[in-house]
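# Examining the three-dimensional arrangement
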Number of protein chains: 2
Amino acid sequence: MKDNDSSVEIAAEAARRFATDALVKVGLPAADASEVAALMIEADLAGASAHGIFRLKQYVHRLKLGAINPHPMIKVTKTAPGTAIVDGDNGMGHIVVARAVETAIEQARQTGVAWVGVHNSNHAGAAGTYATLVAERGMVGIYSAVASANHMGVWGGSEPLLGTNPLAIAIPSEKWPVVLDIATSIVSYGTIKSYRLKGRPLPDNWMIGVEDGSPITDPVHSNEGLLLPFGGYKGAGLALVLGLLAGSLNRAPFGRGVVDFNAHPERVCDTGQFLIALDVARFRPLSEFVRSVATTLEDFRNSARLPGYGAIRLPGDQRHYRRQAQIQNGLLLSSELTEQLDVLANELEIRPLQECIAAIRA
Amino acid sequence: MKDNDSSVEIAAEAARRFATDALVKVGLPAADASEVAALMIEADLAGASAHGIFRLKQYVHRLKLGAINPHPMIKVTKTAPGTAIVDGDNGMGHIVVARAVETAIEQARQTGVAWVGVHNSNHAGAAGTYATLVAERGMVGIYSAVASANHMGVWGGSEPLLGTNPLAIAIPSEKWPVVLDIATSIVSYGTIKSYRLKGRPLPDNWMIGVEDGSPITDPVHSNEGLLLPFGGYKGAGLALVLGLLAGSLNRAPFGRGVVDFNAHPERVCDTGQFLIALDVARFRPLSEFVRSVATTLEDFRNSARLPGYGAIRLPGDQRHYRRQAQIQNGLLLSSELTEQLDVLANELEIRPLQECIAAIRA
């Protein structure tokens, strides 16, 4: 373990086992718990730590309160050769969206492209995880969701009516995929939560107060403000159309009807999501395409830089390097988070993280 | 006619006839010229004036130089039930993309969703035009393109390797569709050209100099700088993935190989574009969906506003109101533009705009 901004390095496998144990303890079947835990840890590995094991406590809490169904009967209805609707039966979002991924890939093998809508789902962690699962199968993956709380306003509005609805686009390449994974806010609310946990002040362009639109920099007051969209009205507009496509199109709430999963841990969310899979091979041979992508990106990486930039990082690069480093050295978790997980272990009467680490070393 | 920032109001039908005459004069068949002109004027009506008749001079110039094929044999190859590749044979982008729209709608009726890639195409005007054509048929339309010049850098880069690759998403609603139509730069290069034509200084966050990254505010120097992406690295990342999907996937240039259609009016562009059509009815009945969208948007429009905002405008609202106003009162064209069109009429020996107006009144 290494001291780094009071972080510790934990073997990813230990964190995965810990999360699995916790989810089993609150009622998930072992296979589902294992799948959810793996997808959560995948978010941590990729550097999306605000959507990884950091969320475990919240998921456990919602499962204990009966707000998430630990034994969902997920129903997939193919409504056309290239479209399907997945009814998640209020299961953990991770396994519901994973079913959407499988469905989309299967349909796109036949039709070239598939669009799978999801409803009765829940928060599924990092958007990039699911788009990347598609890219690993030689297809372009596009994923979006109605965020599980409204932390933004519509452009010009002072009410929390819009989520930070994320967009992830993953494209196969050589070595590692291109992965764009962005919240439509400047930062995700998960990042705000991380800052709050660490007691760090917020930059002054992340949040505004609802009353007068002035900046909020103390993370303690983050509940009283709105996150700002990235790129002004363009980001707000993107959040809006993604919400209509992930929510309204799937008969899932979008806008005022969205349940704030932080404020109401006991309420069912009925989260809407969608996933697109596009078969690259219907356009050009996959090997030729990934070569073309890799050549273009390498040219970009080697191009002249603006003053102050040490390297040109493209979408998916940082994700790849973090993943490699954390597979080798362990997940970099803040000590605040590991303390929180110890409390959780105590509450659930499961093996603490340290024992999971020891078990792996044994 | 009304004096408004030295603009004049011209009947849309007169402008359309003028553009048709010009395009016929440089070799387009009458039906194609009429279709291109209608799609150009549609951009003006919607308020995307940097992509409307403002571009006519440039298109005419390229056609005269033989850089665009006035008699393309557009080839549509369906590569799967839900995918197709359109080879535009270097025709005017407007008619090539219009074929992609028809193809996507036809395929999506069968498969629920279709993704049509385009290559050997050209600049097609306003992205929103094509997404909206899909929405008017009860489907979600998504369109993107490799911009016809590289006016942006990759994030941290100082070379012009990235276009302002636009994204348009149109969603059916009651009364008028939701239309998000955004360049991935803060503003489009067309807007910069409009400012240059009018001699107006640029805001200091639109462009930077390649040498030191300092702001460019004099539009005369716009050739020496880079447009900034909207939302920093997120907008740059979005431009990159859209370029891979609209360009690389369709074997069209993206990155260093993109031809600058301003700097090289004599060179063939081989523009790449793509269009997605998604059949709403495969998710829920169209009438129910548009009602749901309209209800959500009306709630947004009526919600509380931040100080300084007179109204909440959602994506597609301004487009709708401008269109209604300009259908009624005429297109609002700058007097610089109408003078430019008079010069063009003289060069081509076609009826000037004033005669087209008179012909309509007769």
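All residue numbers refer to positions counted from 1 along the written sequence of the respective chain. Chain letters start at A and ligand numbers start at 1, both assigned in the order the entries are written. Local features are withheld for residues below a pLDDT of 70 in this predicted model, meaning they are given only at 70 or higher, and side-chain atom pairs are given and counted only at 80 or more; totals for whole chains, interfaces and linings count all residues. The side-chain figures draw on all heavy atoms in the structure; neither hydrogens nor water molecules are used.

It is worth spelling out the overall build of chain A at this point. Across its full length, chain A holds 11 helices and 11 strands. Seen along its three principal axes, the alpha-carbon backbone of chain A occupies a region of about 55 × 55 × 55 Å. Relative accessibility thresholds used throughout: buried, under 20% of the residue-type maximum; exposed, over 50%; partly exposed, between the two (1.4 Å probe, protein chains only). Out of the 362 residues in chain A, the part that is buried amounts to 62%. Contact definition: two residues touch when any of their heavy atoms are within 4.5 Å. Residue pairs in contact within chain A that sit at least 24 positions apart in sequence constitute 67% of those at least 6 positions apart. Areas reported here follow the Shrake-Rupley algorithm with a probe of radius 1.4 Å; residue values treat only the protein chains shown as occluding. In the structure as shown, chain A presents an accessible area of about 13300 Å², 50% of it carried by carbon and sulfur atoms. To qualify as a helix, a DSSP run of H or I must reach at least 4 residues; to qualify as a strand, a run of E must reach at least 2; elements of each kind are numbered from the N terminus.

Comparison of the two chain copies shows a relationship of rotation about an axis with a shift along it. Least squares is used to superpose the copies, and the fit set is the C-alpha atoms of residues whose pLDDT is at least 70 in both copies. Overlay of chain A on chain B (RMSD 0.0 Å): rotation 180°, translation along the axis 0.0 Å. Taken together, the turn and the small shift mark the pair as related by a two-fold rotation axis. Judged by C-alpha distance, G231(A) is the residue of chain A that lies nearest the rotation axis, at 1.9 Å. An overlap of 99% is found between the interface residues of chain A and their copies at the interface of chain B, pointing to a shared contact surface.

Quick look at the packing of aromatic side chains now. Note on aromatic pairs: the rings of Phe, Tyr and Trp (six-membered ring only in Trp) are paired at centre separations within 6.5 Å, and the planes decide the class, stacked below 30 degrees, edge-to-face beyond 60, tilted for the rest. One pass over the structure, following the stated rule, counts 13 aromatic pairs over all chains. Between F230(A) and F230(B), the aromatic rings sit 5.0 Å apart at their centres with planes inclined by 25°, giving stacked as the arrangement. Residue F230(A) is located in the loop between β9 (225–227) and α7 (233–246), and its partner F230(B) is located in the loop between β9 (225–227) and α7 (233–246); the two belong to separate chains. For the cation-ring pair, R200(A) lies above Y195(A), with the distance from its terminal atom to the ring centre recorded as 4.5 Å. Sitting over a ring, as applied to charges here, requires NZ of Lys or CZ of Arg to be within 6 Å of the ring centre and within 35 degrees of the ring normal. Over the ring of F230(A) we find K234(B), and its NZ or CZ is 5.5 Å from the ring centre.

Looking now at the packing of helix α2 (residues 30–45) of chain B against helix α9 (residues 317–329) of chain B. Residues and elements named next belong to chain B. Interaxial distance between α2 and α9 falls to 8 Å at its minimum, and their mutual angle equals 110°. Between α2 and α9, the crossing angle belongs to the class labelled roughly perpendicular. Contacts between α2 and α9 involve E42, D44 and L45 on the former and, on the latter, R319, R322, R323, Q326 and I327. Just so you know the grouping, Ala, Val, Leu, Ile, Met, Phe, Trp, Tyr, Cys and Pro go in nonpolar, Asp, Glu, Lys and Arg go in charged, and all remaining residues, Gly too, go in polar. Looking at side-chain class alone, the contact of α2 with α9 contains two nonpolar, one polar and five charged residues. Lines fitted to C-alpha atoms define the axes, with helix axes restricted to the stretch in contact, and inter-axis angles between N-to-C directions lie between 0 and 180 degrees. Note on angle classes: values under 35 degrees are labelled roughly parallel, values over 145 roughly antiparallel, values of 65 to 115 roughly perpendicular, and the remainder oblique.

All names here are of chain B. Across the nine residues that make up strand β10 (residues 271–279), a large majority, nine, are buried. Burial along β10 is two-sided: the residues T271, Q273, L275, A277 and D279 and G272, F274, I276 and L278 are all buried. For two strands to pair, DSSP has to find at least two bridges joining them. By the bridge criterion, seven bridges tie strand β4 (residues 113–121) to β10 in an arrangement that is antiparallel. What sits directly across from G117, in β10, is F274. Bridge count between strand β5 (residues 139–145) and β10: seven bridges; the pairing is antiparallel. Following the sheet pairing, A145 is matched in β10 by Q273.

The next subject is the interface of chain A and chain B. Contacts between chain A and chain B engage 80 residues on the former and 79 residues on the latter. Here's the idea: put two parts together, see how much 1.4 Å probe accessible area each one loses, and the total over both is what we call buried area. Taking both sides of the interface into account, the surface hidden between chain A and chain B amounts to around 6400 Å²; carbon and sulfur atoms contribute 72%. By the criterion of area lost to chain B, the three top residues of chain A are K234(A), L249(A) and F283(A), representing 12% of everything that side buries. For salt bridges, the criterion is a side-chain nitrogen of Lys or Arg within 4 Å of an Asp or Glu carboxyl oxygen. Here chain A is connected to chain B by four salt bridges. Residues that form the side of chain A that touches chain B fall into these classes: 47 nonpolar, 22 polar and 11 charged.

This brings us to the sheet that holds strand β5 (residues 139–145) of chain A. Residue and element names in this part refer to chain A. In space, the seven strands of this open sheet follow the order β2-β3-β4-β10-β5-β6-β7, with mixed pairing throughout. Edge positions in the sheet fall to β2 (75–80) and β7 (178–182), since each has one partner strand and no second. In this sheet, adjacent strand axes meet at a mean angle of 15° when their direction is disregarded. Pairing between strand β6 (residues 167–171) and β7: five bridges, direction antiparallel. Bridge pairing links I169 to L180 in β7. Lying over the sheet, helix α4 (residues 93–111) contacts β2, β3 (83–87), β4 (113–121), β5 and β10 (271–279), oriented at roughly 160° with respect to β4.

Let us now look at the nonpolar core. Within the largest apolar cluster, 98 residues are counted, with the highest numbers of intra-cluster contacts made by L240(A) and L240(B). Apart from residues lying up to four places away in sequence, L240(B) is in contact with V178(A), L297(A), F300(A), L314(A), P315(A), L162(B) and F254(B). Counting 66 residues, the second largest nonpolar core, distinct from the first, contains A12(B), I53(B), L56(B) and A100(B). What is meant by a nonpolar core is a set of buried Ala, Val, Leu, Ile, Met, Phe, Trp, Tyr and Cys residues, joined one to another through side-chain atoms within 4.5 Å.

Let us look at the packing of helix α3 (residues 56–64) of chain A against helix α10 (residues 335–348) of chain A. Residues and elements named next belong to chain A. Their axes nearest at 10 Å, the elements α3 and α10 cross at an angle of 25°. When the interaxial angle is binned, α3 and α10 end up roughly parallel. Of the two possible hands of crossing, α3 and α10 adopt the one that is left-handed. The segment α3 lies against α10, with L56, K57, V60 and K64 engaging Q340, L341, L344, E347 and L348. Crossing handedness follows the turn of the near helix against the far one: under a right angle anticlockwise gives a left-handed crossing, and clockwise gives a right-handed one.

Okay, the sheet that holds β5(B) next. The strands that make up a sheet pair up through hydrogen bonds in the backbone, lying either parallel or antiparallel. Residues and elements named next belong to chain B. The seven strands are arranged β2-β3-β4-β10-β5-β6-β7 in an open sheet whose pairing can be described as mixed. On the outer flanks of this sheet lie β2 (75–80) and β7 (178–182), each paired with one strand and no other. For this sheet the average axis-to-axis angle between neighbouring strands, irrespective of direction, equals 15°. When β2 meets strand β3 (residues 83–87), the two strands line up antiparallel, connected through five bridges. Considered in β3, the bridge of A80 is made with T83.

A separate point is empty space enclosed by the protein. Method remark: on a 1 Å grid restricted to protein atoms, a set of points is classed as a cavity if a 1.4 Å probe fits but cannot get out and as a pocket if it is open with protein on both sides within 12 Å along at least five of seven lines; lining residues have an atom within 4 Å of a point. Grid points are joined across faces, edges and corners, and a volume is the space filled by probe spheres set on the points. Counted by the stated rule, this structure contains four cavities of 30 Å³ or more. Empty space within the largest cavity amounts to approximately 180 Å³. Lining of the largest cavity is provided by 17 residues; of these, I142(A), L167(A), I142(B), L167(B) and I169(B) occupy positions nearest its centre. Residues that form the lining of the largest cavity fall into these classes: 17 nonpolar, no polar and no charged.

The subject of this paragraph is the side chain of S188(B). Relative to the elements of secondary structure, S188(B) occurs in the loop between β7 and α6 (189–198). With sequence-adjacent residues up to four places away left out, S188(B) is seen in contact with A50(B), H51(B), A183(B) and L227(B).

Moving on to the domain arrangement of chain A. Residues and elements named next belong to chain A. Splitting chain A by domain gives domain 1 (1–64 + 300–362) and domain 2 (72–185 + 229–282). How far each domain reaches was decided by an automatic or database domain assignment. Placing the centre of domain 1 and that of domain 2 at their C-alpha centroids yields a distance of 22 Å. Interface area for domain 1 against domain 2, summed over the two sides, is near 2000 Å², with a carbon-plus-sulfur share of 63%. Of all residues in domain 1, L39, R62 and R319 give up the largest surface area on contact with domain 2, accounting jointly for 32% of the area buried on that side.

Okay, the pattern of salt bridges next. Per the stated rule, a full pass over the model turns up 28 salt bridges over all chains. Note that E174(A) and R291(A) form a salt bridge whose closest N and O atoms lie 2.8 Å from each other. Within this pair, whereas E174(A) is found in the loop between β6 and β7, its partner R291(A) is found in helix α8 (residues 286–301), the two being separated by 117 residues in sequence. Put simply, R256(B) and E159(B) hold a salt bridge, and the shortest N to O gap is 2.9 Å.

Once that is clear, we can look at unusual backbone geometry. All names here are of chain A. A positive phi angle is found at D89, which is not glycine, with a value near 50°. Along the chain, D89 turns up in the loop between β3 and α4. When its relative accessible area of 30% is taken as the criterion, D89 is described as partly exposed.

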